[in-house]
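What follows is each chain in one-letter form.
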Amino acid sequence: MMALKSNTMYLPLFLILIYTFVGSWIPTPAEGARILAVETVGGKSHWNFMSSILRVLVDNGHNVTVFTPFTDGNRENYTEVDTSMVSEKLLDGQLTELMDKYGDLKAIIGEMSVMSRILCNVVYENKILANTRSDFDVVLIEPLLSECVSYPAIKLNLPLIYVLPLPTLGIIERKLTGDVSNPAVVSMNIGKFGIPKTLAQRAINCADLIYCTVKYKFHELYSQFTEPQEYDLYAPIPPSLIFVNRHFTIEPASSISSNVVGIGGIHLKAPKELPKDVLQFIEKSPHGVVYLTFGSTVKVASLPEHIKKAFIESLAQIPQRVLLKYEDEQEPMPNNVMTKNWLPQREILLHPKVKLFISHGGISGLYEAIDAGVPVLGFPLFGDQPRNIDNLVNAGMAISMDILTVTKDAFLKNVLELLNNEKYSENAKTASKIFKDRPMSPENLVAYWTEYVIRHKGAPHLKSHALNLPWYQYYLLDLIALILVFIIFVFYIAYKIFKSISKLFSKDSRHTKSTKSKSE
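Scoring rules and cut-offs
Residues numbered from 1 in each chain as written. Predicted model: local features only at pLDDT ≥ 70, side-chain atom pairs only at ≥ 80, totals over all residues. Heavy atoms only, no water. UniProt positions renumbered as here; feature names shortened; annotations may be inferred. Helix = DSSP H or I, 4+ residues; strand = E, 2+ residues; numbered from the N terminus. Buried < 20%, exposed > 50% of the residue type's maximum accessible area, 1.4 Å probe, protein only. Polar contact = N/O pair within 3.5 Å; in protein donor to acceptor, adjacent residues only side chain to side chain. Contact = heavy atoms within 4.5 Å. Core = buried A, V, L, I, M, F, W, Y, C linked by side-chain atoms within 4.5 Å. Pairing = 2+ DSSP bridges. Axes fitted to C-alpha atoms, helices over the stretch in contact; angles between N-to-C directions. 1 Å grid on protein atoms, 1.4 Å probe; cavity = no way out; pocket = protein on both sides within 12 Å on 5 of 7 lines; lining within 4 Å. Points joined across faces, edges and corners; volume = space filled by probe spheres on them. Nonpolar A, V, L, I, M, F, W, Y, C, P; charged D, E, K, R; others polar. Phe/Tyr/Trp six-rings, centres within 6.5 Å; stacked < 30°, edge-to-face > 60°. Lys NZ or Arg CZ within 6 Å of the ring centre and 35° of its normal.

The protein carries the name UDP-glucuronosyltransferase in an unreviewed UniProt entry, which gives Aphis craccivora as its organism. Here the protein is described in UniProt, under the heading Catalytic activity (unreviewed entry), as follows: "glucuronate acceptor + UDP-alpha-D-glucuronate = acceptor beta-D-glucuronoside + UDP + H(+)". Turning to the protein, the UniProt annotation filed under Subcellular location (unreviewed entry) states: "Membrane".

Encoded structure:
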C-alpha cells in the first residue's frame with residue numbers, strides 16, 4: 001500500500017517530464033505575427049491567390065497589413081492600403097483590346113518592369129515604410145519583373161516570402177532560387193504549349209527564355225540608369241520562401257527548389273448554396289448543363305459579332321442547357337440558354353449535372369474544373385492561358401481552340417465531342433482524385449511554412465547554394481573554358497611533337513637519299 005502511494009505521488013512529476021520532453025520536439029507556432037503584404041498586379045486572379053493566402057494567415061491569428069488595388073474593407077487583424085489609383089485593374093475588358101495589348105507578352109516585358117517600379121515607388125513612399133524601424137515579422141509580395149520588390153524586406157530587415165499565382169517562375173527563377181529549369185523539359189509561362197515535345201518546340205522554348213531574360217535585364221538596367229531610385233542602391237535579396245500556384249494536375253512534374261511550395265487550389269472555398277433560379281435551371285435539365293464564361297478579365301459580350309453568333313447558334317443545337325456569364329444588356333438568346341452578369345462559378349461546376357466548362361483558361365477556373373472533375377473546352381487568350389489549357393489537353397480532359405479563327409461547325413463539333421465521348425469525363429474525374437489526394441491541404445501548407453520562416457529567422461538553410469554563384473560559374477563556363485584550354489594545349493603539344501618527328505624523318509630521308517647518291 002505504501003509502495004503504491006509512493007508511485008502515485010511521483011506520477012505527476014513523471015508526466016511533467018514526459019510532456020516537457022515531447023513538447024520540445026513540437027514546433028511552437030509564430031503566434032500573432034505581424035505580416036506586411038503587397039499585391040503588385042491589378043489582375044483579379046492574382047488578387048484571389050494572394051487574398052486566399054492572407055485569409056489563411058488571418059484565420060490562424062496573425063495580423064496582416066496589405067497594399068492592394070482590390071479593397072474589401074478592414075476587419076479584425078486585417079488592414080488594407082488602397083493602391084488602385086496607380087495600379088491598372090484588368091476587369092471586364094474588351095477582347096480585341098486586351099489581346100492587342102497582352103497577346104504577346106514578350107513585346108511588353110519592358111512595360112511590365114516599369115509598372116513594377118512605379119508601384120514600388122508608391123508603396124515605399126507610404127508612412128508604413130517611412131523609417132527602418134518596424135514591428136512586422138515577415139513580408140509577403142508578388143514579384144512582377146523589377147527587382148525593387150524585395151526592397152521592403154531589405155529596408156525593414158525582415159524575411160521575404162514571394163507569392164506567385166503561376167505554376168512556374170519563368171525568367172525570374174534564377175534570381176529567386178538560384179536555379180533555372182531545363183528548357184527541354186519545362187516550358188515558359190508565356191509558351192503556347194505545356195510541354196516542349198518536339199525539336200522545334202524545344203528550340204522555340206530555349207530562344208524565348210534567352211530573349212526574354214536578356215530583354216528584361218536590359219530594361220531593368222536602363223531604368224536604374226535613367227531614373228535611379230533609393231532602392232536601386234541596395235542589392236536585391238532572394239526570398240526565404242516562394243508560394244506558387246502549382247499542382248501536378250495542371251503542371252507536369254519537374255525539379256523545383258526546396259524553398260518553392262506548391263499550393264495550387266488554395267483559393268477554393270467551401271461551396272455555398274446556388275441561387276434558386278440557377279439551381280432550378282440546372283435541376284430541370286434532363287441532359288445536363290454547359291457552363292460558359294471568360295472570367296473576370298474579358299467580357300463575353302465584347303466578342304466580335306461573328307464569334308458570338310457562332311457560339312450562340314451552336315449552343316442552340318445541343319440538348320443540354322447552357323449557363324452563360326454575359327455582362328452587358330441581355331440580347332435574344334435560345335430557349336436553352338440562361339444569361340447573368342455574374343454566376344457562382346465554383347458552386348455551378350460542383351453540381352453533378354454540369355457536363356462541360358467552356359473557359360479562357362485562367363488557372364483559378366481550371367483548378368475549379370479539376371476539383372469538380374469537369375471537362376474543359378479552352379479558348380486561351382494570353383499570358384499563361386495557352387500553356388494551362390495545353391496541359392489539360394495532355395491530361396486528356398480538354399480540347400483547345402483559337403478564339404479568333406473559331407467557326408460554328410468546329411465549335412459545335414468539339415462541344416459534342418467533349419459531351420459525348422466519355423474518355424474526357426473519365427480523365428477529368430481521375431484528375432480530380434489526384435488533385436484531392438494530398439498529405440496536407442494548401443491552407444495548412446501556407447500556415448506551416450510562413451510560421452516556419454518566422455520561427456527560423458528567415459530559414460536561410462532553405463536557399464540553394466546556386467544563389468552564391470555568378471552566372472558563369474553556375475553554367476560551368478569557367479570549367480568549360482578550362483577544359484577547352486587544356487584540349488587546345490594538348491593539341492598544341494601533339495602538333496609540336498608531330499612536327500618535330502616529321503622534321504626528323506624528313507631530315508633522315510634527305511640524308512639517306514644523299515648517301516645513296518654519293519655511293520652511285
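Undergrad: Account for the UniProt feature "transmembrane region" (unreviewed entry) in the protein, with residues named and values stated.
TA: UniProt records the feature "transmembrane region" (unreviewed entry) at residues 471-495, using the numbering of this structure. Secondary structure content for residues 471-495 is 92% helix and 0% strand, while the C-alpha to C-alpha distance between its ends is 34 Å.

Undergrad: How would you sum up the side chain of N336? Please name residues and give values.
TA: With respect to the secondary-structure elements, N336 resides in the loop between strand 9 (321-325) and strand 10 (337-340). You can call N336 buried: its relative accessible area is 12%. A distance of 2.9 Å separates a polar atom in the side chain of N336 from the backbone oxygen of L315. A distance of 3.0 Å separates a polar side-chain atom of N336 from the backbone oxygen of Q320. With residues up to four places along the chain from it excluded, the contact list for N336 reads F281, L315, A316, I318, Q320, R321 and V322.

Undergrad: I'd like a rundown of the nonpolar core, residues and numbers included.
TA: Formed by 36 residues in total, the largest nonpolar core has its most connected members in Y162, I171 and I242. Put simply, the parts of the chain that give this core at least two residues each are strand 1 (34-38), helix 4 (109-124), strand 4 (138-141), helix 5 (151-156), strand 5 (160-164), helix 7 (199-226) and strand 6 (241-244). Apart from residues lying up to four places away in sequence, I242 is in contact with Y162, L169, L176, T177, N259, V260 and V261. Residues V290, V406, F411 and L412 belong to the second largest nonpolar core, which totals 35 residues.

Undergrad: Before we move on, could you go through the sheet that holds strand 11 (residues 354-359) and cite the residues and values that matter?
TA: The strand order 10-9-8-11-12-13 describes an open sheet built from six strands, whose pairing is parallel. Of all strands in the sheet, those with a lone pairing partner are strand 10 and strand 13 (398-400), marking the two edges. Across the sheet, the axes of successive neighbouring strands diverge by a mean angle of 15 degrees, strand direction being ignored. Direction of pairing for strand 11 relative to strand 12 (residues 376-378): parallel, over a ladder of three bridges.

Undergrad: Which residues make up the layout of surface pockets, and what are the values?
TA: Rolled over the atoms, a probe as big as a water molecule pinpoints where empty space is left. Of the pockets and cavities examined, the second largest pocket occupies roughly 850 Å³. As for the second largest pocket, its lining consists of 32 residues, of which I171, R174, K175, T213 and Y475 are closest to the centre. In terms of residue count, helix 7 provides more of the lining of the second largest pocket than any other element does, seven residues in total. Here the residues of the lining of the second largest pocket are counted per class, giving 22 nonpolar, five polar and five charged.

Undergrad: Tell me what's going on with the sheet that holds strand 4, and back it up with residues and numbers.
TA: One open sheet accounts for seven strands, arranged 3-2-1-4-5-6-7; its pairing is parallel. Both outer strands of the open sheet, strand 3 (78-82) and strand 7 (260-262), are each paired with one neighbouring strand and no more. Taking the axes of each pair of neighbouring strands and ignoring which way they run, one obtains an average angle of 20 degrees across the sheet. Running at roughly 165 degrees to strand 2 (residues 63-68), helix 2 (residues 44-59) makes contact with strand 1, strand 2, strand 3, strand 4, strand 5 and strand 6 of the sheet.

Undergrad: An account of the packing of aromatic side chains is requested, with residue identities and associated values reported.
TA: Overall, the coordinates contain 14 aromatic pairs when judged by the stated rule. Both rings, one in Y291 and one in F357, keep their centres 5.6 Å apart while their planes meet at 10 degrees; by these two values the pair is stacked. Here F357 lies in strand 11 and Y291 lies in strand 8 (residues 289-292), a separation of 66 residues in the sequence. Considered together, Y291 and F357 belong to a single accessibility category, that of buried residues. Through a chain of ring-to-ring contacts, the aromatic side chains of F294, F311, F379 and F411 assemble into a single cluster. Above the ring of Y474, the side-chain terminus of R174 is found at 4.3 Å from the ring centroid. Over the ring of F435 we find R438; its NZ or CZ atom is 4.4 Å from the centre of that ring.

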